[in-house]
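# Coordinates in review
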Amino acid sequence: MIIINNNNNNNNDNNNNNNNKLQLGRGSNRGPDARLDIHARRFWENQRSAFFDVRVCHPNADSYKDLELDQIYRNHENEKKRLYARRVLDIEQGTFTPLIFTSTGGMGNECLQYHSRLAQLISIKKGEYYAKTISWIRARTSFALLRSALICLRGSRTRRKAFCDFKNIDIGVETQEGAIM
């Protein structure tokens, strides 16, 4: 078990030090470089940070042959929560959501909730229909998973820095051009 001192001053008073220490569980990621993939403010709640960690797994792997797809998602979600949830709740005072994808395009339950909330926030901000927004997000996610799978298979030829300016994207035009709906 690791103990992290949350005390900002160097007071040696034992009572004060004991009250300001947080304990992380055995399974928590204790490394000094332990950080999550995505950090967003006001995603789930106002005035609160949300942290996300992404994992992509291949459901047809030999190690998953005896498991149902829901069990695979649940196992990966529970492992991510075991590694990061306690740390995020106690130290960062935020929420933690594991985003579990499969290389075939599937998503875990918490990932589906994340996509629904993301589509809701984007559709409100841009004044678009929710159905059009969620289909656009799913198409972008599917292509990103496909691109990452292809890079894993053939290797990267060049360094690619992708930047998406969401403020200037017309979701209606993109879905129409991509024949998504």
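On a predicted model such as this, the values are computed, not experimentally measured, just so you know.

Rules behind the numbers
Residues numbered from 1 in each chain as written. Predicted model: local features only at pLDDT ≥ 70, side-chain atom pairs only at ≥ 80, totals over all residues. Heavy atoms only, no water. pLDDT = per-residue confidence, 0-100. Helix = DSSP H or I, 4+ residues; strand = E, 2+ residues; numbered from the N terminus. Contact = heavy atoms within 4.5 Å. Buried < 20%, exposed > 50% of the residue type's maximum accessible area, 1.4 Å probe, protein only. Polar contact = N/O pair within 3.5 Å; in protein donor to acceptor, adjacent residues only side chain to side chain. Pairing = 2+ DSSP bridges. Axes fitted to C-alpha atoms, helices over the stretch in contact; angles between N-to-C directions. Patch = residues over 30% accessible without salt bridge, like charges linked within 9 Å, V, L, I, M, F, W, Y side chains within 5 Å. Areas by Shrake-Rupley, 256 points an atom, 1.4 Å probe, with all protein chains shown as cover. Salt bridge = Lys/Arg side-chain N within 4 Å of Asp/Glu carboxyl O. Phe/Tyr/Trp six-rings, centres within 6.5 Å; stacked < 30°, edge-to-face > 60°. Expected span 1.5 Å × (residues − 1).

## Focus: the confidence of the model for the protein chain
With 72% of its residues at a pLDDT of 70 or more, the protein chain shows a mean pLDDT of 77. Per-element averaging of pLDDT across the protein chain places strand E1 (residues 2-5) at the bottom with 31 and helix H3 (residues 109-126) at the top with 93. Counted against residues more than four places away or in other chains, residues 1-22, with its pLDDT under 50, gives 27 contacts.

## Concerning the environment of Glu77
Its place among the elements puts Glu77 in helix H2 (residues 69-92). What makes Glu77 buried here is its relative accessible area of 8%. Between the alpha carbons of Glu77 and Arg55 there is a distance of 9.0 Å; along the sequence they are 22 residues apart. If we ignore the near neighbours within four places in the chain, the residues touching Glu77 are Pro98, Ile100, Gly108, Asn109, Glu110 and Cys111. A distance of 3.3 Å separates the side chain of Glu77 from the backbone nitrogen of Glu110, its partner in a polar contact.

## What to know about the sheet that holds strand E5 (residues 95-102)
Reading across the sheet, the three strands line up as E3-E4-E5 and stay open at both edges, with mixed pairing between neighbours. Bordering the open sheet on either side are strand E3 (38-41) and E5, each of which pairs with just one other strand. On average, each strand axis in the sheet is inclined to that of its neighbour by 25°, with strand direction left out of account. Contacts from H2 reach strand E4 (49-57) and E5 within the one sheet, and its direction differs from that of E5 by about 155°. Contacts from H3 reach E4 and E5, with the element oriented near 105° to E5.

## Considerations on a nonpolar patch on the surface
Among the surface-exposed residues, Phe143, Leu146, Leu150 and Leu153 lie close enough to one another that they form a single nonpolar patch of about 450 Å² accessible area. Counting through the fold element by element, Leu153 comes out in helix H4 (residues 130-154).

## A word on the packing of aromatic side chains
All told, the structure shown has five aromatic pairs when counted by the stated rule. For the ring pair Tyr84 and Phe96, a centre distance of 6.0 Å and an interplane angle of 45° mean the geometry is tilted. You can see Tyr84 sitting in helix H2 and its partner Phe96 sitting in strand E5, a full 12 residues away along the chain. For Phe96, a relative accessible area of 11% translates into the label buried. A connected cluster of aromatic rings, assembled from ring pairs, spans Phe43, Trp44, Phe52 and Tyr114.

## Things to note about H3
End to end, H3 covers 26 Å across 18 residues, agreeing with the expected 26 Å (1.5 Å per residue, within 8%). Considered for burial, the residues of H3 that qualify are Glu110, Cys111, Tyr114, His115, Ala119, Ile122 and Ser123. Just beyond H3, the residue with positive phi is Gly127, at close to 70°.

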